[in-house]
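The residues making up each chain are set out below.
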Amino acid sequence: AVVSTQSTGWRALNVLSHVSYSQGSVLFVNNKPGYEPIIKEAARSCGARHFTKLTRLGFYDEPDLSWFHENKPDLVICSSVNNPLSQKLLLTCNKYLVPTIGILDSDVDPTNLTYVIPGNDDSTQSILLYHRVFAKAILRAQAARSALQFSNDENATHRVR
């Protein structure tokens, strides 16, 4: 199980890094009220967007995803996929070919996820750890892009002189 989590985790982080390096938009999604501060902080710390059940996702019985096609992200990270709202969001992502990363227990069907990270999606500490790692991957990718742009700007300046 550890090997599986490690390899799928690295694959998901690689995709997240590539999207962030390419200046793509990442959307953190959460449907559990207790995790909202964790998701907000992770998104805020790396300049990503977040939608939670308490902000714009709507209610479980009537999910409102009308915003999705207008503000389509390049990658969605979903911390809890075992509910109707998340499943509808994942189907919408599939419809618009938006890759998804999800943390899920062994009792959850991973069919609608692009990148599955096996993990405890019911533990606050687990969600906190994963989202700190996601935010750090985004920040490192953004820093790598900035360093490359700075290097290219420096080279261009030296050639002009």
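The structure under discussion appears in the preceding block.
Numbers given to residues run from 1 along each chain, matching the order in which its sequence is written. Local features in this predicted model are restricted to residues whose pLDDT is 70 or higher, and side-chain atom pairs enter the listing and the counts only when it is 80 or higher, whereas totals over whole chains, interfaces and linings include all residues. Processing note: side-chain calculations cover all non-hydrogen atoms of the structure and skip hydrogens and water entirely.

Novice: How would you summarise the pattern of salt bridges if you had to cite specific residues and measurements?
Specialist: Only one rule defines a salt bridge in this text: a Lys or Arg side-chain nitrogen within 4 Å of an Asp or Glu carboxyl oxygen. All chains considered together, the criterion is met by 3 salt bridges. Note that Lys40 is salt-bridged to Glu36, the shortest N-O span being 3.4 Å. Residue Lys40 and its partner Glu36 are both found in helix H2 (residues 36-46); the two are separated by 4 residues, about one turn of the helix. Three labels apply to residues, based on accessible area from a 1.4 Å probe with only protein chains included: buried if under 20% of the type maximum, exposed if over 50%, partly exposed otherwise in between. The exposure class assigned to Glu36 is buried, which follows from its relative accessible area of 9%. What counts as a helix is a DSSP run of H or I of at least four residues, what counts as a strand is a run of E of at least two, and both are numbered from the N terminus.

Novice: Tell me about unusual backbone geometry, and name the residues and values.
Specialist: If you check the backbone angles, Gln23 has positive phi at about 65 degrees while not being a glycine. By the element assignment, Gln23 lies in the loop between helix H1 (2-21) and strand S1 (26-30). Residue classification places Gln23 among the exposed positions, given a relative accessible area of 55%. Unlike most non-glycine residues, Leu97 shows phi in positive territory, near 60 degrees. Note that Leu97 resides in the loop between helix H3 (84-95) and strand S4 (100-104).

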